[in-house]
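# Geometric and topological summary
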Amino acid sequence: ISNTAASLLILTLMAAFALWIGKLWECSKEDRTTVIVLGAIVILIQLWALWLTQSKGGIGGFLCALVIAFSIWRFREFLSRHWKRTTVIAFALLGLGCLAIIGHGLTRGRLPSVSMWVRWLYWSAAGQMIADHWFSGVGPQNFGTWYTRYMDPTAPEVVKDPHNFLVAL
């Protein structure tokens, strides 16, 4: 639940930042102080709520989103001139990051944190399930039923939902 709340808060925070900056650019000088104060209050409340979730992934994701948003803004002229090349590079880096995570999991049989280790266990089981039922799958909403047949006996939990639309199909 904390990760879900953090995801929602990241979306609303980024929207609040965009609206706040947009409003600052278009408001008159006499309204600027009011816009700054009200926007800051809204954003601080959302940041506090994000902190309350104690979601490490959510907080890290928000910080990454800020860095990406700032980088896109900072290098917007370059990115608009070279959008095809930068898009290809961004997807290549994303793919390499995914391969690095998968490589780490395959070589060590786990991912670094306990939370990621649990995820690795059900990703591995899902991979075996897909390999065995690659053409027809196990049917919608049946992941939890079949998961117990593939799960690692040391897994601390039985996953009923893979939290992935394609795997759920």
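Anyway, here's the lowdown on the structure attached to this text. (Residues numbered from 1 in each chain as written. Predicted model: local features only at pLDDT ≥ 70, side-chain atom pairs only at ≥ 80, totals over all residues. Heavy atoms only, no water.)

## A few points about the packing of helix H2 (residues 32–53) against helix H3 (residues 56–74)
- At a minimum axis separation of 7 Å, H2 and H3 run at an interaxial angle of 140°. The pairing of H2 with H3 is recorded here as oblique in orientation. Handedness of the crossing formed by H2 with H3: left-handed. In this structure, H2 contributes Leu 47, Leu 50 and Trp 51 to the contact, and H3 contributes Gly 58, Ile 59 and Phe 62.
- Among the residues forming the contact of H2 with H3, the class breakdown is 5 nonpolar, 1 polar and no charged. (Axes fitted to C-alpha atoms, helices over the stretch in contact; angles between N-to-C directions. Helix = DSSP H or I, 4+ residues; strand = E, 2+ residues; numbered from the N terminus. Parallel < 35°, antiparallel > 145°, perpendicular 65-115°, else oblique. Left-handed = near helix turned anticlockwise from the far one by under 90°. Contact = heavy atoms within 4.5 Å. Nonpolar A, V, L, I, M, F, W, Y, C, P; charged D, E, K, R; others polar.)

## Looking at the nonpolar core
- Ranked by internal contacts, the top residues of the largest apolar core, which has 14 residues, are Met 129, Phe 143, Tyr 147, Ala 155 and Val 159.
- Of all the secondary structure elements, the ones that give two or more residues to this core are helix H6 (114–132) and helix H7 (143–150). (Core = buried A, V, L, I, M, F, W, Y, C linked by side-chain atoms within 4.5 Å. Buried < 20%, exposed > 50% of the residue type's maximum accessible area, 1.4 Å probe, protein only.)

## Examining H7
- Inspection of H7 places Phe 143, Gly 144, Tyr 147 and Tyr 150 among the buried residues, and these make up the whole buried set. Taken around the axis of H7, the buried residues stretch over an arc of 110°, which confines them to a single face. (Arc of directions from axis to C-beta.)

## Some points on unusual backbone geometry
- Despite not being glycine, Gln 54 has its phi angle at roughly 55°, a positive value.
- Structurally, Gln 54 can be placed in the loop between H2 and H3.

## Some thoughts on the packing of H6 against H7
- For the pair H6 and H7, interaxial distance at closest approach is 9 Å and the crossing angle is 100°. Relative to H7, the element H6 lies roughly perpendicular. Residue-level contacts link Leu 121, Tyr 122, Ala 125, Ala 126, Gln 128, Met 129 and Asp 132 of H6 to Phe 143, Trp 146, Tyr 147 and Tyr 150 of H7.
- A class-by-class count of the residues in the contact of H6 with H7 yields 9 nonpolar, 1 polar and 1 charged.

The analysis is restricted to geometry; functional conclusions fall outside its scope.
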